[in-house]
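Residue-level structural notes
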Amino acid sequence: MRFPLSMTAGMAGYIVKNRLRPPEAWQQSSKMNGDAQNPFRVLYKDHSSNGTRPHPLLHKRFPLVLMLEPLHACNLTCTGCGRIREYESTITQRLTLEQCLRASDECGAPVVSICGGEPLLYPEIGALCAGLLERKRHIYLCTNGMFLRKKLGEFKPDPRFFFNIHLDGLEKTHDLCVEREGVFREAIEAIQAAKAAGFKVSTNTTIYKETDMKEIEALFEYLEQFDVDGHMLSPAYGYSAVDDREIFMTRDDVHEKFQDIDRLAKRFKLNSSPVYLDFLKGGRDLPCTAWGTPTYNVRGWKGPCYLITDAHFATFEELMTKTPWEQYGHGNDPRCEHCMAHCGYEPSAALGINGKLSDSVKLLAWALR
Ligand code: SF4
Ligand code: SF4
């Protein structure tokens, strides 16, 4: 994720400090099942011993982005939204303001992505953002934009605070994805109103198998007139256990979609890091570091990741120490086979796992832009 330069420096300091001395309580590993027969199992190499030890940073666990879901209720029913379906039985429940702030204190991640559900339906959303800003967190408030104009007065502009508006294409495509006409228009009006009021605004686009990347370029071109502060891109999660290749992208499909991403990154302010984009286009491999983006919601700390749920834990420490992290990720769990989602792999990019010599230059140029 991209921030103003001073904040990027703060984030870099946080990463360096935790890489050197990660909080001890979070480093205990749950035992692996030891299934050496697992044909999917891959061991990441560190080139320093017999070549079979996982990368050392995979044992220095600390969070970068808290995915905070104060509620799962939403005014839309988008095609393919896992949340409103997975949490159907608790859809009327919500976290208290105290629970939200406690979760942020408990894990200490410098960035909080407030998602859901539709966070603007959360009655204390203004107080929640104010409380997180007091704690010096950077906030991405992810919204479909439908209530933003109405709720704008509950927020104050702050360089640490971004409205992150969901847009999956131009008007026709986006309205089709969210299954309601008029949503794109309202989101655009929300962007204009937020920018006019002095807020930072970014957009968030999921790339599906059907997505035409030329349309995404046209969307970014269209958004230039509103002086949008950045765009996030992430491939849709391909749940291989469902085995429906008609809907989900394989890793090869993702590489193909992102082949031309360097040209787009030169033209537009992409918030995804250059290392993660290189991974998406197939330029390098990265292991999953799902603990870098923990999710907290009405059922607790969701493990192992934002996408798949094997357990909910009462405390962050339990999530960190009771999740068998090494059993997840590409090559380890069939459900992870085609996942290249930002929640699993952006932290790996930020942590410099499988880094190349040229990365620092690329990252500095990206931050300066
Ligand atoms: S707006 Fe977001 S939370 Fe609501 S249905 Fe769509 S994807 Fe799900
Ligand atoms: S690869 Fe990582 S982020 Fe993706 S589904 Fe598996 S555990 Fe979750």
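Scroll up to find the structure.
Residue numbers run consecutively from 1 along every chain, following the written order of its sequence. A letter from A marks each chain and a number from 1 marks each ligand, given out in the order of writing. The predicted origin of the model limits local features to residues at a pLDDT of at least 70 and limits the giving and counting of side-chain atom pairs to 80 or more, whereas totals for whole chains, interfaces and linings rest on all residues. Only hydrogens and water are set aside when side-chain values are computed; all heavy atoms of the structure are taken into account.

Another point: the sheet that holds strand 6 (residues 231-235). Only when DSSP finds a minimum of two bridges between them are two strands counted as paired. Each helix is a run of DSSP H or I of at least 4 residues and each strand a run of E of at least 2, with the numbering of both proceeding from the N terminus. Taken in spatial order, the 9 strands of this open sheet run 6-5-4-3-2-1-7-8-9, and their pairing is mixed. Of all the strands in the sheet, the pair left with one neighbour each is strand 6 and strand 9 (309-313). Strand-to-strand twist across the sheet, computed as the mean angle between neighbouring axes with direction ignored, equals 25°. Of the pairings in the sheet, the one linking strand 2 (residues 111-114) to strand 3 (residues 138-143) comprises 4 bridges and is parallel in character. Directly across from Val112, in strand 3, lies its bridge partner Ile139. Contacts are residue-level and defined by heavy atoms, with any inter-residue pair within 4.5 Å sufficient. Where helices are involved, their axes are fitted lines through C-alpha atoms of the stretch in contact, as for all axes, and angles between N-to-C directions lie from 0 to 180°. Where helix 8 (residues 213-223) meets the sheet, it contacts strand 5 (200-207) and strand 6, and its direction lies at approximately 170° from that of strand 5.

Around ligand 1 sit Cys74, Leu76, Cys78, Cys81, Ile84, Gly117 and Asn144, and that is every residue in its neighbourhood. Polarity classes work like this: nonpolar for Ala, Val, Leu, Ile, Met, Phe, Trp, Tyr, Cys and Pro, charged for Asp, Glu, Lys and Arg, and polar for all others, with Gly in that last group. Its residues assigned to classes, the shell around ligand 1 shows 5 nonpolar, 2 polar and no charged. Only a single heavy atom is needed: when it lies within 4 Å of a molecule or strand, its residue is near that molecule or strand.

Along any regular strand, the residues point their side chains to alternate faces of the sheet. Each residue is assigned to one of three classes by its accessible area relative to the maximum for its type, calculated with a 1.4 Å probe on protein chains only: buried under 20%, partly exposed between the two thresholds, exposed over 50%. Alternating positions in strand 1 (residues 65-68) separate into two faces, Val65 and Met67 on one and Leu66 and Leu68 on the other, with burial throughout. Across 2 bridges, the pairing between strand 1 and strand 7 (residues 295-297) is parallel. Along strand 7, the bridge assignment pairs Leu68 with Tyr296.

What follows concerns the site of ligand 2. Taken together, Tyr237, Cys288, Cys305, Tyr328, Gly329, Cys336, Cys339, Gly344 and Tyr345 form the complete shell of residues around ligand 2. For ligand 2, the cavity whose grid points lie within 2 Å of the majority of its atoms is the second largest cavity. Its residues placed into classes, the shell around ligand 2 shows 7 nonpolar, 2 polar and no charged. A pocket here means an open set of points on a 1 Å grid, computed over the protein atoms alone, that has protein on both sides within 12 Å along at least five of seven lines. A cavity is instead a set of points where a 1.4 Å probe fits but cannot get out; residues with an atom within 4 Å of a point line either one. Assignment of a molecule to a cavity or pocket requires that more than half of its atoms lie within 2 Å of the corresponding grid points.

Next up on the list: the packing of aromatic side chains. Here a Phe, Tyr or Trp ring, Trp counted by its six-membered ring, pairs with any other such ring whose centre lies within 6.5 Å, and the pair is stacked when the planes are under 30 degrees apart, edge-to-face when over 60, and tilted otherwise. Evaluated as defined, the whole model comprises 15 aromatic pairs. Aromatic pair Tyr140 and Phe162: ring centres 4.9 Å apart, planes at 15°, arrangement stacked. Of this pair, Tyr140 sits in strand 3 while Phe162 sits in strand 4 (residues 161-166), and the two are 22 residues apart along the sequence. Each member of the pair Tyr140 and Phe162 is classed as buried.

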